[in-house]
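# Breakdown of the fold
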Amino acid sequence: MNEQVKLPRLRLGVYPTPFYKLENISAKYGRNIWIKRDDLCGVALGGNKVRKLEYLLADARAQGCDTVFTTGGAQSNHAMLTAACAARLGMKCILILKQRGVTERLGNLILDDIYGAQVRFMDTDSYDDIYNEMRRMGEELAKEGRKAYAIPVGGSTPLGAVGYTECVREIAGQAAEGPASIRHLVSATGSGGTTAGLLLGAKLYLPGVKVTGMGVDDDPFEDIVPGLAAGAAELMGQSLDRTPDDFQIVYHVGQGYAIPNAEDTPSIEELARTEGILLDPVYTGKAWAGMLKLLWEGYFGNEGDIVFVHTGGAAALFAMELG
(Lines give C-alpha, C1' and ligand atoms only; values in the text may rest on other atoms or scores of the structure.)
Protein backbone atom coordinates (compact mmCIF):
# COMPACT_ATOMS: atom_id res chain seq x y z
CA MET A 1 0.00 0.00 0.00
CA ASN A 2 1.30 3.44 -0.92
CA GLU A 3 1.37 6.21 1.67
CA GLN A 4 -2.09 7.73 1.74
CA VAL A 5 -2.75 11.37 0.96
CA LYS A 6 -4.54 13.05 3.88
CA LEU A 7 -7.45 14.99 2.44
CA PRO A 8 -9.15 17.90 4.26
CA ARG A 9 -12.04 16.64 6.38
CA LEU A 10 -14.57 18.21 8.73
CA ARG A 11 -15.63 16.20 11.79
CA LEU A 12 -19.41 16.18 11.54
CA GLY A 13 -20.43 12.65 12.56
CA VAL A 14 -19.82 10.71 15.76
CA TYR A 15 -17.55 7.81 14.85
CA PRO A 16 -17.00 4.93 14.94
CA THR A 17 -20.63 3.96 14.51
CA PRO A 18 -21.83 0.72 16.16
CA PHE A 19 -20.96 -2.63 14.61
CA TYR A 20 -22.41 -5.84 15.97
CA LYS A 21 -23.79 -9.25 15.13
CA LEU A 22 -27.53 -9.59 14.57
CA GLU A 23 -27.97 -12.51 16.93
CA ASN A 24 -31.64 -13.28 16.26
CA ILE A 25 -31.40 -12.87 12.51
CA SER A 26 -28.19 -14.90 12.37
CA ALA A 27 -29.83 -17.75 14.28
CA LYS A 28 -32.88 -17.70 12.01
CA TYR A 29 -30.92 -17.72 8.75
CA GLY A 30 -28.08 -19.97 9.89
CA ARG A 31 -25.41 -17.47 8.91
CA ASN A 32 -23.47 -14.83 10.84
CA ILE A 33 -24.89 -11.48 9.74
CA TRP A 34 -23.43 -8.27 11.18
CA ILE A 35 -24.62 -4.69 10.83
CA LYS A 36 -22.72 -1.41 10.55
CA ARG A 37 -25.06 1.22 11.99
CA ASP A 38 -24.29 4.33 9.97
CA ASP A 39 -27.88 5.31 10.68
CA LEU A 40 -26.52 6.19 14.14
CA CYS A 41 -23.85 8.66 13.04
CA GLY A 42 -25.05 11.45 15.35
CA VAL A 43 -26.37 13.92 12.77
CA ALA A 44 -30.13 14.40 12.25
CA LEU A 45 -31.64 10.91 11.87
CA GLY A 46 -28.32 9.55 10.67
CA GLY A 47 -27.22 8.10 7.38
CA ASN A 48 -24.32 7.42 5.07
CA LYS A 49 -24.19 10.87 3.47
CA VAL A 50 -22.52 12.45 6.49
CA ARG A 51 -19.26 10.62 5.81
CA LYS A 52 -19.28 12.03 2.27
CA LEU A 53 -20.22 15.51 3.46
CA GLU A 54 -17.25 15.61 5.82
CA TYR A 55 -15.01 15.75 2.74
CA LEU A 56 -17.29 17.65 0.37
CA LEU A 57 -18.07 20.47 2.79
CA ALA A 58 -14.42 20.69 3.79
CA ASP A 59 -13.70 21.32 0.11
CA ALA A 60 -16.49 23.91 -0.01
CA ARG A 61 -15.04 25.75 2.97
CA ALA A 62 -11.55 25.62 1.51
CA GLN A 63 -12.91 27.33 -1.60
CA GLY A 64 -14.53 30.07 0.50
CA CYS A 65 -18.11 29.04 -0.31
CA ASP A 66 -20.97 30.28 1.86
CA THR A 67 -23.81 28.48 0.07
CA VAL A 68 -24.27 24.84 -0.85
CA PHE A 69 -26.57 23.37 -3.50
CA THR A 70 -27.61 19.77 -3.77
CA THR A 71 -30.39 17.68 -5.23
CA GLY A 72 -32.27 14.40 -5.09
CA GLY A 73 -35.81 13.14 -4.98
CA ALA A 74 -38.46 14.90 -2.91
CA GLN A 75 -37.70 12.70 0.12
CA SER A 76 -33.92 12.66 -0.36
CA ASN A 77 -32.06 11.65 2.79
CA HIS A 78 -28.90 13.13 1.28
CA ALA A 79 -30.58 16.50 0.79
CA MET A 80 -31.83 16.51 4.38
CA LEU A 81 -28.41 15.65 5.79
CA THR A 82 -26.77 18.29 3.62
CA ALA A 83 -29.21 20.82 5.09
CA ALA A 84 -28.37 19.65 8.62
CA CYS A 85 -24.61 19.81 8.11
CA ALA A 86 -24.77 23.15 6.31
CA ALA A 87 -26.79 24.62 9.16
CA ARG A 88 -24.18 23.43 11.65
CA LEU A 89 -21.46 25.13 9.61
CA GLY A 90 -23.41 28.35 9.17
CA MET A 91 -23.79 27.87 5.42
CA LYS A 92 -26.93 28.58 3.41
CA CYS A 93 -28.41 25.44 1.85
CA ILE A 94 -30.50 25.42 -1.32
CA LEU A 95 -32.15 22.13 -2.29
CA ILE A 96 -33.38 21.76 -5.87
CA LEU A 97 -35.38 18.56 -5.77
CA LYS A 98 -37.16 16.54 -8.41
CA GLN A 99 -40.90 16.99 -8.23
CA ARG A 100 -41.34 13.24 -8.00
CA GLY A 101 -42.64 11.04 -5.21
CA VAL A 102 -44.05 12.44 -1.96
CA THR A 103 -43.83 16.23 -2.25
CA GLU A 104 -46.21 17.01 0.62
CA ARG A 105 -44.69 18.41 3.81
CA LEU A 106 -43.95 14.98 5.27
CA GLY A 107 -40.84 13.00 6.23
CA ASN A 108 -37.59 14.59 5.13
CA LEU A 109 -39.33 17.70 3.78
CA ILE A 110 -40.33 18.60 7.34
CA LEU A 111 -36.72 18.19 8.41
CA ASP A 112 -35.44 20.25 5.47
CA ASP A 113 -37.62 23.08 6.74
CA ILE A 114 -36.49 22.67 10.35
CA TYR A 115 -32.86 22.94 9.24
CA GLY A 116 -33.63 26.15 7.38
CA ALA A 117 -32.99 24.93 3.85
CA GLN A 118 -34.50 26.68 0.87
CA VAL A 119 -36.40 24.01 -1.09
CA ARG A 120 -37.32 24.29 -4.76
CA PHE A 121 -38.93 21.61 -6.90
CA MET A 122 -38.27 21.08 -10.61
CA ASP A 123 -40.66 19.09 -12.77
CA THR A 124 -38.01 17.07 -14.56
CA ASP A 125 -36.63 13.55 -14.76
CA SER A 126 -33.16 14.82 -15.70
CA TYR A 127 -30.53 15.82 -13.16
CA ASP A 128 -28.78 17.68 -15.97
CA ASP A 129 -31.69 20.14 -15.91
CA ILE A 130 -31.19 20.62 -12.20
CA TYR A 131 -27.42 21.06 -12.48
CA ASN A 132 -27.98 23.72 -15.14
CA GLU A 133 -30.32 25.51 -12.75
CA MET A 134 -27.70 25.30 -10.01
CA ARG A 135 -25.19 26.97 -12.33
CA ARG A 136 -27.67 29.70 -13.18
CA MET A 137 -28.50 30.37 -9.54
CA GLY A 138 -24.80 30.25 -8.64
CA GLU A 139 -24.12 33.00 -11.16
CA GLU A 140 -26.89 35.11 -9.63
CA LEU A 141 -25.45 34.59 -6.16
CA ALA A 142 -21.99 35.56 -7.41
CA LYS A 143 -23.39 38.96 -8.44
CA GLU A 144 -24.38 39.43 -4.78
CA GLY A 145 -20.85 38.62 -3.65
CA ARG A 146 -21.63 35.09 -2.52
CA LYS A 147 -20.05 31.82 -3.59
CA ALA A 148 -21.91 28.55 -4.09
CA TYR A 149 -20.72 24.94 -4.02
CA ALA A 150 -22.73 22.31 -5.93
CA ILE A 151 -22.93 18.74 -4.66
CA PRO A 152 -24.31 16.14 -7.12
CA VAL A 153 -27.09 13.75 -6.21
CA GLY A 154 -26.10 11.51 -3.30
CA GLY A 155 -22.77 13.29 -2.86
CA SER A 156 -21.46 10.65 -5.22
CA THR A 157 -18.17 12.05 -6.43
CA PRO A 158 -14.69 10.56 -6.02
CA LEU A 159 -14.10 12.94 -3.09
CA GLY A 160 -17.38 11.93 -1.46
CA ALA A 161 -16.55 8.25 -1.92
CA VAL A 162 -13.39 8.72 0.15
CA GLY A 163 -15.65 8.92 3.20
CA TYR A 164 -16.63 5.30 2.80
CA THR A 165 -13.08 4.06 2.69
CA GLU A 166 -12.95 5.38 6.26
CA CYS A 167 -16.06 3.36 7.08
CA VAL A 168 -14.33 0.15 5.97
CA ARG A 169 -11.28 1.03 8.05
CA GLU A 170 -13.61 1.26 11.04
CA ILE A 171 -15.26 -2.04 10.21
CA ALA A 172 -11.87 -3.76 9.91
CA GLY A 173 -10.90 -2.61 13.40
CA GLN A 174 -14.26 -3.50 14.90
CA ALA A 175 -14.32 -6.91 13.21
CA ALA A 176 -11.01 -7.79 14.83
CA GLU A 177 -12.54 -7.10 18.24
CA GLY A 178 -15.91 -8.76 17.35
CA PRO A 179 -14.56 -11.11 16.28
CA ALA A 180 -16.05 -11.31 12.82
CA SER A 181 -14.68 -13.25 9.87
CA ILE A 182 -15.95 -10.99 7.11
CA ARG A 183 -16.32 -12.28 3.58
CA HIS A 184 -19.04 -9.97 2.24
CA LEU A 185 -19.98 -6.28 2.53
CA VAL A 186 -23.48 -5.37 1.33
CA SER A 187 -25.13 -1.97 0.97
CA ALA A 188 -27.85 -0.18 -0.95
CA THR A 189 -26.64 1.46 -4.16
CA GLY A 190 -28.65 4.49 -5.18
CA SER A 191 -26.06 6.81 -6.73
CA GLY A 192 -22.86 4.77 -6.42
CA GLY A 193 -20.60 6.74 -4.09
CA THR A 194 -21.06 4.66 -0.95
CA THR A 195 -20.50 1.38 -2.78
CA ALA A 196 -17.45 2.87 -4.51
CA GLY A 197 -15.96 3.81 -1.15
CA LEU A 198 -16.69 0.34 0.21
CA LEU A 199 -14.98 -1.21 -2.81
CA LEU A 200 -11.83 0.86 -2.40
CA GLY A 201 -11.90 0.49 1.38
CA ALA A 202 -12.13 -3.28 1.09
CA LYS A 203 -9.08 -3.32 -1.17
CA LEU A 204 -7.17 -1.19 1.36
CA TYR A 205 -8.34 -2.60 4.69
CA LEU A 206 -10.22 -5.89 4.12
CA PRO A 207 -8.49 -7.66 1.24
CA GLY A 208 -10.38 -10.67 -0.03
CA VAL A 209 -13.78 -9.28 0.98
CA LYS A 210 -16.40 -8.98 -1.76
CA VAL A 211 -18.57 -5.87 -2.02
CA THR A 212 -22.14 -6.32 -3.25
CA GLY A 213 -24.16 -3.26 -4.13
CA MET A 214 -27.91 -3.79 -4.08
CA GLY A 215 -29.06 -1.51 -6.89
CA VAL A 216 -32.24 0.37 -5.95
CA ASP A 217 -32.21 2.34 -9.20
CA ASP A 218 -31.51 1.13 -12.73
CA ASP A 219 -28.46 3.28 -13.49
CA PRO A 220 -25.43 1.37 -14.87
CA PHE A 221 -23.71 0.98 -11.52
CA GLU A 222 -21.38 -1.71 -12.88
CA ASP A 223 -19.58 1.18 -14.61
CA ILE A 224 -20.36 4.06 -12.23
CA VAL A 225 -19.05 2.43 -9.06
CA PRO A 226 -15.60 1.35 -10.34
CA GLY A 227 -15.15 4.77 -11.95
CA LEU A 228 -15.86 6.58 -8.68
CA ALA A 229 -13.65 4.14 -6.76
CA ALA A 230 -10.75 4.69 -9.16
CA GLY A 231 -11.17 8.46 -8.79
CA ALA A 232 -11.19 8.19 -5.00
CA ALA A 233 -8.08 6.00 -5.11
CA GLU A 234 -6.27 8.63 -7.16
CA LEU A 235 -7.20 11.35 -4.67
CA MET A 236 -5.80 9.20 -1.86
CA GLY A 237 -2.60 8.39 -3.74
CA GLN A 238 -3.60 4.74 -4.05
CA SER A 239 -4.24 2.32 -6.88
CA LEU A 240 -7.31 0.17 -7.43
CA ASP A 241 -6.39 -3.23 -8.78
CA ARG A 242 -9.66 -5.13 -9.05
CA THR A 243 -10.53 -8.73 -9.83
CA PRO A 244 -13.95 -10.00 -10.98
CA ASP A 245 -14.57 -11.42 -7.49
CA ASP A 246 -14.15 -8.07 -5.69
CA PHE A 247 -17.43 -6.45 -6.59
CA GLN A 248 -20.89 -7.03 -8.03
CA ILE A 249 -24.10 -5.08 -8.49
CA VAL A 250 -27.36 -6.98 -8.00
CA TYR A 251 -30.48 -4.99 -8.86
CA HIS A 252 -33.52 -5.05 -6.61
CA VAL A 253 -35.49 -2.07 -7.94
CA GLY A 254 -38.99 -3.49 -8.20
CA GLN A 255 -41.57 -1.14 -9.70
CA GLY A 256 -39.10 1.71 -9.86
CA TYR A 257 -36.79 4.07 -8.00
CA ALA A 258 -38.25 5.41 -4.73
CA ILE A 259 -41.31 3.14 -5.02
CA PRO A 260 -41.68 0.61 -2.16
CA ASN A 261 -41.89 -3.09 -3.02
CA ALA A 262 -44.74 -4.94 -1.34
CA GLU A 263 -42.63 -8.12 -1.38
CA ASP A 264 -39.99 -6.44 0.82
CA THR A 265 -42.37 -5.49 3.64
CA PRO A 266 -42.09 -8.83 5.51
CA SER A 267 -38.30 -8.53 5.61
CA ILE A 268 -38.47 -4.92 6.87
CA GLU A 269 -40.96 -5.94 9.57
CA GLU A 270 -38.90 -8.99 10.51
CA LEU A 271 -35.79 -6.93 11.24
CA ALA A 272 -37.83 -4.43 13.25
CA ARG A 273 -39.54 -7.15 15.27
CA THR A 274 -36.47 -9.30 15.92
CA GLU A 275 -33.68 -6.72 16.28
CA GLY A 276 -35.48 -3.40 16.86
CA ILE A 277 -33.94 -1.84 13.74
CA LEU A 278 -35.85 0.34 11.27
CA LEU A 279 -35.22 0.29 7.53
CA ASP A 280 -36.71 2.68 5.02
CA PRO A 281 -38.88 1.21 2.23
CA VAL A 282 -36.94 2.46 -0.80
CA TYR A 283 -33.22 2.17 0.02
CA THR A 284 -32.16 0.08 3.00
CA GLY A 285 -35.36 -1.95 3.00
CA LYS A 286 -34.90 -2.96 -0.62
CA ALA A 287 -31.22 -3.69 -0.05
CA TRP A 288 -31.91 -5.82 3.03
CA ALA A 289 -34.69 -7.80 1.39
CA GLY A 290 -32.57 -8.28 -1.71
CA MET A 291 -29.64 -9.48 0.40
CA LEU A 292 -31.80 -12.08 2.16
CA LYS A 293 -33.05 -13.30 -1.21
CA LEU A 294 -29.45 -13.73 -2.36
CA LEU A 295 -28.68 -15.61 0.85
CA TRP A 296 -31.50 -18.08 0.16
CA GLU A 297 -30.25 -18.50 -3.41
CA GLY A 298 -26.73 -19.42 -2.25
CA TYR A 299 -25.05 -16.28 -3.63
CA PHE A 300 -22.87 -15.83 -0.54
CA GLY A 301 -21.58 -19.40 -0.48
CA ASN A 302 -21.10 -21.25 2.76
CA GLU A 303 -18.10 -19.51 4.34
CA GLY A 304 -17.47 -16.21 6.05
CA ASP A 305 -19.64 -13.57 7.68
CA ILE A 306 -21.87 -11.02 5.95
CA VAL A 307 -21.92 -7.33 6.91
CA PHE A 308 -24.92 -5.17 6.03
CA VAL A 309 -24.10 -1.45 5.98
CA HIS A 310 -27.16 0.42 7.26
CA THR A 311 -27.13 3.72 5.38
CA GLY A 312 -30.08 5.39 7.16
CA GLY A 313 -33.20 6.95 5.67
CA ALA A 314 -35.77 6.22 8.38
CA ALA A 315 -37.58 9.53 7.79
CA ALA A 316 -39.09 8.01 4.63
CA LEU A 317 -41.20 5.78 6.88
CA PHE A 318 -43.11 8.90 7.88
CA ALA A 319 -43.75 9.99 4.29
CA MET A 320 -44.88 6.86 2.48
CA GLU A 321 -46.59 3.57 3.16
CA LEU A 322 -44.76 0.29 2.91
CA GLY A 323 -45.51 -1.50 -0.32
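For the structure, see preceding data.
Quick summary incoming for the structure in this document. This is a predicted model, so every value here is computed, not measured. (Residues numbered from 1 in each chain as written. Predicted model: local features only at pLDDT ≥ 70, side-chain atom pairs only at ≥ 80, totals over all residues. Heavy atoms only, no water.)

## Structural notes on the overall build of the chain
When helices and strands are counted, the chain shows 10 helices and 10 strands. Relative to its length of 323 residues, the chain is compact, with a C-alpha radius of gyration of 19 Å against a globular reference of 20 Å. Viewed in the frame of its principal axes, the chain has a C-alpha envelope of about 60 × 50 × 30 Å. In the chain, of all internal contacts separated by at least 6 residues, the share reaching a separation of at least 24 is 79%. Of the side-chain charges in the chain, 31 are positive and 40 negative, and the distance between the mean point of each set is 4 Å. (Helix = DSSP H or I, 4+ residues; strand = E, 2+ residues; numbered from the N terminus. Rg over C-alpha atoms; globule rule 2.2 N^0.38 Å. Contact = heavy atoms within 4.5 Å. Lys, Arg positive; Asp, Glu negative; His and termini not counted. Charge placed at Lys NZ, Arg CZ, Asp CG, Glu CD.)

## Structural notes on the packing of helix 2 (residues 49-62) against helix 3 (residues 77-89)
One can describe the packing of helix 2 onto helix 3 by two numbers: an axis separation of 10 Å at closest approach and a directional angle of 50 degrees. It follows that helix 2 is oblique to helix 3 by the angle criterion. The chirality of how helix 2 crosses helix 3 is right-handed. Here helix 2 contributes Lys49, Val50, Leu53, Leu57 and Arg61 to the contact with helix 3, which in turn contributes His78, Leu81, Thr82, Cys85, Ala86 and Leu89. Grouping the constituent residues of the contact of helix 2 with helix 3 by class yields 7 nonpolar, 2 polar and 2 charged. (Axes fitted to C-alpha atoms, helices over the stretch in contact; angles between N-to-C directions. Parallel < 35°, antiparallel > 145°, perpendicular 65-115°, else oblique. Left-handed = near helix turned anticlockwise from the far one by under 90°. Nonpolar A, V, L, I, M, F, W, Y, C, P; charged D, E, K, R; others polar.)

## Observations regarding the nonpolar core
Within the largest apolar cluster, 49 residues are counted, with the highest numbers of intra-cluster contacts made by Leu12, Val50 and Leu57. For this core, the leading source of residues is helix 3, giving 8 residues. Dropping the residues within four chain positions of it, Val50 is found in contact with Leu12, Gly13, Tyr15, Cys41, Val43, Leu81 and Cys85. (Core = buried A, V, L, I, M, F, W, Y, C linked by side-chain atoms within 4.5 Å. Buried < 20%, exposed > 50% of the residue type's maximum accessible area, 1.4 Å probe, protein only.)

## A short note on the sheet that holds strand 3 (residues 67-72)
What the 4 strands build is an open sheet, ordered 5-4-3-6; its pairing is parallel. Of all the strands in the sheet, just strand 5 (118-122) and strand 6 (148-150) have a single pairing partner and so form its edges. Within the sheet, the average angular offset between the axes of one strand and its neighbour, ignoring direction, is 20 degrees. The pairing of strand 3 with strand 4 (residues 92-98) spans 6 bridges and is classified as parallel. The residue of strand 4 that forms the bridge with Thr67 is Lys92. (Pairing = 2+ DSSP bridges.)

## Topic: the packing of aromatic side chains
Summed over the entire model, instances satisfying the criterion amount to 7 aromatic pairs. For the ring pair Tyr257 and Tyr283, a centre distance of 5.9 Å and an interplane angle of 80 degrees mean the geometry is edge-to-face. Of this pair, Tyr257 sits in the loop between strand 9 (247-251) and helix 9 (265-275) while Tyr283 sits in the loop between helix 9 and helix 10 (284-297), and the two are 26 residues apart along the sequence. Of the residues examined, Tyr283 reaches a relative accessible area of 24% and is grouped as partly exposed. Against the face of Tyr164 rests Arg51, its NZ or CZ located 5.6 Å from the ring centre. One Lys or Arg, Lys98, reaches over the ring of Tyr127 and ends 3.8 Å from the middle of that ring. (Phe/Tyr/Trp six-rings, centres within 6.5 Å; stacked < 30°, edge-to-face > 60°. Lys NZ or Arg CZ within 6 Å of the ring centre and 35° of its normal.)

## Some words on the environment of Ala287
Among the structural elements, Ala287 can be located in helix 10. Put simply, Ala287 and Ala188 are 99 residues apart on the chain and 5.0 Å apart in space, counted from C-alpha to C-alpha.

## Notes on the pattern of salt bridges
Taken as a whole and judged by the stated rule, the model has 19 salt bridges. Between Arg100 and Asp123 there is a salt bridge, and its shortest N-O distance comes to 2.7 Å. In this pair, Arg100 is assigned in the loop between strand 4 and helix 4 (108-114) and Asp123 in the loop between strand 5 and helix 5 (127-143), connecting sequence segments 23 residues apart. Residue class for Asp123 comes out exposed when judged on its relative accessible area of 62%. On the accessibility criterion, Arg100 (30% relative accessible area) is partly exposed. The structure contains a network of salt bridges with shared partners spanning Arg9, Glu54, Glu166 and Arg169. (Salt bridge = Lys/Arg side-chain N within 4 Å of Asp/Glu carboxyl O.)

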